[in-house]
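Listed below, chain by chain, are the residues.
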Amino acid sequence: MLCTLAVLLFIGQVATAQQADYDKLSGLMITKLNEYENHEAQARLAKKVVKDVLLMPLVKADSEETLTRQGVHVFDHVGNIYFTAMPMSRVAELSNDEGVARIELLETPKLMMDQTPGIVGVSDIYNAVSLPQAYTGKGVLVGISDGMFDYTHPMFQNANGTTRIRWAWDMYTGRGTKEGYLGIGSLYDTPEKLAKARGSIDSVGIHGTHVAGIAAGSPVLNGKYRGIAYESDIALITADVSNNVYVDENTTLGNLLYADVERAKRGNAEIANYVERDYYGGAACLLGIKRFFDYATQQGMPAVLNCSWGNSETYYNDFSLLEEVFNELTKVPGHIIVSSSGNDSDTDYYRAKKANETLSETLNYMGASDTDESPYSLYITTKGNFKVFLSATFPIGEKNEGLAVMFDSQKPNDKDSHVLSLLDNDYTPHYFGFKAVYLRDLKDGRKAYRLDVTMPQLSFFPQGTTTRKADLMVICDQDYVVNGSFSHISFTRGFGTNLADHTVSIPATYDCVLAVGATNHRSNYVNQAGASTSTTYNNFREGLIVSWSGTGPTFDGRTKPDVCAPGFNIISADNSNLIKSFAIGKGHQNGIVEQWQVNGRTYGMSADSGTSMAAPVVSGIVALWLQAKPSLTLTEIKDALAATAKHLDPEITYPNNIFGYGEIDAYAGLLKILNIDTAIPELPRQQVQVSLNGQTLRIEGQGDALVTIYNLNGQQLLNTHATDGTVLLPNLPNGVYAVKVGNQGSTLIRL
């Protein structure tokens, strides 16, 4: 039996020794600071000491001296944006410094993949993408910001067994070398260190290994499987997909942090654990990304970085400094960032309404399990005043009763409005309503509210209820936006929606980032056990976008994604550390395609689906284009996509918020980037497959055909008929040449 009790759980801005300047703080920074200040206030009342928390935020300031004066540790900077570390207790004072403009804490990113592996079932990873044979990514640095890396997989080795990985940075561990980058984690920058480490310590999955194999994997199993830029150099940067950053106590940073502990021990034994070791490490991932582009500049190499991770876009959790950093890093010609658009468009969670237009929806609460009562976020953004009502039916006593909670933006401290406590037979509370409310002011005059919604366990709902739902109503006197959180709070159509709008993830929303959606060209595959299956569901036919691929526009109305690529049932490298060290689950076993032994260690190929898999297809192709034109810019890439991308759905206009410019065409785009389409206008864009054996050129699948050879300036060097598909080439200088095969197609060759 349940009874109810009204409870106030609004978290406001608690007064401390110095009030923070909230206008300078990002949304997540406000949230975490409020939580800390509440815990601190409660601890003081109980005469206890609250533990401090280490943060690694981005800080925009007028100088490094301003930050060091405040006791902030500075790792590096991009312009006037500094990558820092500090205890939470210093945030309020720092925010009031006139030299500080903004403090931004970054959310932990999620990886953009489905977790059930599978296989394409064809010999090429890049199914349905033509690849120019004259370009292989040689001389280009391909960076993978991700996790779960296998440093020893044959896909990351040359034919002679030497590694193609220039370096890998694992922020989570000091294992092996204990030689971290700037005092964090481990930097593996020699073949010996990479071989000893074998992989990143978070090798409980395949994601980063799989992504790197798609973008840049070497040929394996006699060339049966191969990545796209298979002669590029590789750098692996462990992304901050958890908050547990490893800091070596013997480094400068470690001494700074643990000095607080030592001072506490000397002053008061009760606060010996003053500084926790669970860190908010948001800036650490960006340190690795900056190192990647700095290294490329030092080596004189063009570089493309793949980010198959992100976070849902909201007004509350804006990441303006992150965007500024990405803008600065990509201003250099030949520096490109590619990001997956996200897999969230199967969840209906965005609504925009006009002033005095009532929002009336079903709110779906999707916890991690039927017993999960964690608070999940509902966001409301407006210049006006609003009321939000949440109501549901629960069994109270012998009958079902409708209960409602309300939040009024004009009465934020109304104690009877935010949350109800449902008491079970043991008088344990189970909450329904808005367990916490946070507020931040936006620069355009709007206010962004985050209402943390919680619901009791499914068993507390009426008998026969299969999902936890409530009726949501919002009334506002100005235009407003309401959005949920992708896999937890959705609206009427719920989970399983096709191509829900406003679902492209950060950082793919940024103008300086090439955003990639996923298409399907292989609906089923045959795994190692001989079973025909698929990695996950897709509601659309082959040859179209995948039904859950992140869909635009952005919250401010810009068209995204920019392009799409195959991302469904894509085969690539498995993680041998997972194979060796963990009991592999049934889902992973079903996705393994092939396995083989190298020096007693089992390596494999498996597959997965997601925009995580589509993004490295594009990153690999961009690496080929960078080899052809090292000074390539994002603007030039978008111009090439606009002119050459394939329009899979001819019924809609391009660019659009589903396909962007369309599906990438590596060969046609290359012709555009090299201006070959202008120099040789008669050259067909359809690529034909050829092979070279000395001076003999063989055109695959052709008998007699008229073959014309050009240099890249458009000068005709040979015009002859092929006999049985073969042509003997004249003695030509080393270089790249265009081959035209009648009207059937063309290709580029390198002599």
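Since the structure is predicted, the reported quantities are computational estimates derived from the model, not experimental observations.

So, how was this worked out
Residues numbered from 1 in each chain as written. Predicted model: local features only at pLDDT ≥ 70, side-chain atom pairs only at ≥ 80, totals over all residues. Heavy atoms only, no water. Helix = DSSP H or I, 4+ residues; strand = E, 2+ residues; numbered from the N terminus. Buried < 20%, exposed > 50% of the residue type's maximum accessible area, 1.4 Å probe, protein only. Contact = heavy atoms within 4.5 Å. Pairing = 2+ DSSP bridges. Axes fitted to C-alpha atoms, helices over the stretch in contact; angles between N-to-C directions. pLDDT = per-residue confidence, 0-100. Disulfide = S-S within 2.5 Å. Phe/Tyr/Trp six-rings, centres within 6.5 Å; stacked < 30°, edge-to-face > 60°. Polar contact = N/O pair within 3.5 Å; in protein donor to acceptor, adjacent residues only side chain to side chain. Arc of directions from axis to C-beta. Parallel < 35°, antiparallel > 145°, perpendicular 65-115°, else oblique. Nonpolar A, V, L, I, M, F, W, Y, C, P; charged D, E, K, R; others polar. Core = buried A, V, L, I, M, F, W, Y, C linked by side-chain atoms within 4.5 Å. Salt bridge = Lys/Arg side-chain N within 4 Å of Asp/Glu carboxyl O. Left-handed = near helix turned anticlockwise from the far one by under 90°. Expected span 1.5 Å × (residues − 1).

This part covers the overall build of the protein chain. Counting secondary structure elements, the protein chain contains 14 helices and 40 strands. Of all 751 residues assigned to the protein chain, the portion counted as buried reaches 59%. Long-range pairs, those at least 24 residues apart, make up 75% of the contacts in the protein chain between residues at least 6 apart in sequence.

Moving on: the sheet that holds strand β37 (residues 716–722). Pairing is antiparallel across the open sheet formed by 4 strands, whose spatial order is β37-β36-β39-β40. The outermost strands of the open sheet, each flanked by one partner alone, are β37 and β40 (745–750). On average, each strand axis in the sheet is inclined to that of its neighbour by 20°, with strand direction left out of account. For strand β36 (residues 705–711) and β37, the ladder comprises 6 bridges, and the chain directions are antiparallel. Note that in β37 the partner of Val 707 across the bridge is Thr 720.

Inspection of the secondary structure puts Leu 712 in the loop between β36 and β37. Judged by relative accessible area, which is 26%, Leu 712 ranks as partly exposed. Put simply, Leu 712 and Ala 679 are 33 residues apart on the chain and 7.3 Å apart in space, counted from C-alpha to C-alpha. Residue contacts for Leu 712: discarding those within four places in its chain leaves Tyr 135, Ile 676, Ala 679, Val 736, Ala 738 and Leu 748.

Once that is clear, we can look at the confidence of the model for the protein chain. The predicted structure's coordinates, where accompanied by low pLDDT, should not be read in detail. Taken as a whole, the protein chain shows an average pLDDT of 84; of its residues, 85% reach a score of 70 or greater. Predicted confidence for residues 1–16 stays below pLDDT 50, and this span has 53 contacts to residues more than four positions away or in other chains. The model gives residues 243–279 a pLDDT under 50, and that stretch makes 73 contacts with residues more than four places away or in other chains.

Note: strands within a sheet are paired through backbone hydrogen bonds, in either parallel or antiparallel orientation. Taken in spatial order, the 5 strands of this open sheet run β19-β18-β23-β16-β25, and their pairing is antiparallel. With one partner strand each, in any of the chains shown, β19 (399–408) and β25 (489–490) form the two edges of the open sheet.

Here the focus is the state of the cysteines. Inspection of every chain in the model, using the stated rule, returns 0 disulfides. Not engaged in a disulfide, the cysteine Cys 307 finds its nearest cysteine sulfur in Cys 285; these two sulfurs lie 6.9 Å apart.

Let's shift gears to the packing of aromatic side chains. Across all of its chains, the model carries 15 aromatic pairs by this definition. Ring centres of Tyr 365 and Tyr 376 lie 5.6 Å apart, and the angle between their planes is 55°; this geometry places the pair in the tilted category. Here Tyr 365 is found in strand β16 (residues 359–365), whereas its partner Tyr 376 is found in strand β17 (residues 376–382), with 11 residues between them in sequence. As far as burial versus exposure is concerned, Tyr 365 and Tyr 376 are alike and both buried. Seen from their ring centres, Phe 394 and Phe 461 are 4.9 Å apart, and the 55° between their planes marks the pair as tilted. Taken together, the positions of Phe 394 in strand β18 (residues 386–396) and Phe 461 in the loop between β22 (447–454) and β23 (468–476) put the pair 67 residues apart, joining distant regions of the chain. Residue classification places Phe 461 among the buried residues on the basis of a relative accessible area of 6%. Ring pairs connect the aromatic residues Tyr 315, Tyr 350 and Phe 555, which therefore count as one cluster.

Our focus in this paragraph is the side chain of Asn 527. Counting through the fold element by element, Asn 527 comes out in the loop between β28 (525–526) and β29 (532–533). Asn 527 gets classed as buried once you look at its relative accessible area, which sits at 6%. A polar side-chain atom of Asn 527 sits 3.0 Å from the main-chain amide nitrogen of Ala 529.

Turning our attention to helix α8 (residues 320–329). Listed as buried for α8 are Leu 321, Leu 322, Val 325, Phe 326 and Leu 329. The buried side chains of α8 occupy one side of the element, clustering within an arc of 140° when seen end-on.

Only one face of strand β35 (residues 696–699) is buried: it carries Leu 697 and Ile 699, and the other face, with Thr 696 and Arg 698, is open. Note that strand β34 (residues 690–693) and β35 share 4 bridges and pair antiparallel. Paired with Leu 692 across the strands is Leu 697, a residue of β35. Between β34 and β35, which pair antiparallel and follow one another directly, the connecting turn spans 2 residues, one of which, Gly 694, has a positive phi of 65°.

Packed helices, taken two at a time, are described by their axes: the angle between them and the distance between them. Interhelical geometry of helix α7 (residues 282–299) versus α8 gives an angle of 10° and a closest axis separation of 11 Å. One way to sum up the angle between α7 and α8 is to call them roughly parallel. Between α7, through Leu 286, Ile 289, Lys 290 and Phe 293, and α8, the contact on the second element is made entirely by Leu 322, Phe 326 and Leu 329. Split by residue class, the contact of α7 with α8 holds 6 nonpolar, no polar and 1 charged.

This next bit is on the nonpolar core. By size, the foremost hydrophobic cluster in this structure holds 75 residues, and its most contacted members are Tyr 135, Tyr 151, Leu 236, Leu 514, Val 618, Trp 625 and Leu 748. The element that contributes the greatest number of residues to this core is helix α11 (residues 611–628), accounting for 12 residues. Leu 748 has contacts with Gln 133, Ala 134, Tyr 135, Tyr 667, Leu 670, Leu 671, Leu 674, Ile 676, Leu 712, Val 736, Tyr 737 and Ala 738, leaving out every residue within four places of it along the chain. Within the second largest apolar cluster, 46 residues are counted, among which are Tyr 181, Ala 235, Ile 289 and Leu 322.

Before going further, it helps to examine the pattern of salt bridges. Scanning all chains against the criterion turns up 25 salt bridges. Two residues, Arg 558 and Asp 556, come together in a salt bridge whose shortest N-O distance is 3.1 Å. Judged by relative accessible area, which is 23%, Arg 558 ranks as partly exposed. Since its relative accessible area comes to 53%, Asp 556 is described here as exposed.

Now for the packing of helix α12 (residues 634–644) against helix α13 (residues 666–673). The interhelical angle for the contact between α12 and α13, taken along N-to-C directions, is 120°, at an axis separation of 9 Å. The orientation of α12 relative to α13 falls into the category oblique. By crossing handedness, the relation of α12 to α13 is classed as right-handed. Residue-level contacts link Ala 640, Ala 643 and Thr 644 of α12 to Ala 668, Gly 669, Lys 672 and Ile 673 of α13.

The next thing to look at is the side chain of Thr 551. Among the secondary structure elements, Thr 551 is positioned in the loop between β29 and β30 (563–566). Once residues within four sequence positions are removed from consideration, Thr 551 is found in contact with Ser 345, Leu 499, Ala 500, Asp 501, His 502, Thr 503, Val 504, Lys 560, Asn 657 and Ile 658.

The buried count for strand β12 (residues 303–307) comes to 5 of 5 residues, which makes it a mostly enclosed element. Burial along β12 is two-sided: the residues Ala 303, Leu 305 and Cys 307 and Val 304 and Asn 306 are all buried. Examined bridge by bridge, strand β8 (residues 141–146) and β12 share 5 bridges and lie parallel to one another. By the bridge assignment, Ser 145 is partnered in β12 with Cys 307. Sheet analysis places β12 next to strand β14 (residues 335–340), joined by 5 bridges and oriented parallel.

This part covers the environment of Ile 570. Positionally, Ile 570 belongs in strand β31 (residues 570–573). Expressed as a C-alpha distance, the spacing of Ile 570 and Ala 614, which sit 44 residues apart in the sequence, is 8.6 Å.

The terminal C-alpha atoms of α11 lie 26 Å apart, and with 18 residues this matches the ideal 26 Å at 1.5 Å per residue to within 8%. With 18 of 18 residues buried, α11 lies mostly within the body of the structure.

What follows is about the environment of Ala 515. Checked against the element boundaries, Ala 515 lands in strand β27 (residues 514–519). Judged by relative accessible area, which is 0%, Ala 515 ranks as buried. If we skip the residues at most four places from it in the chain, Ala 515 touches Ser 339, Ala 508, Lys 560, Pro 561, Asp 562 and Val 563.

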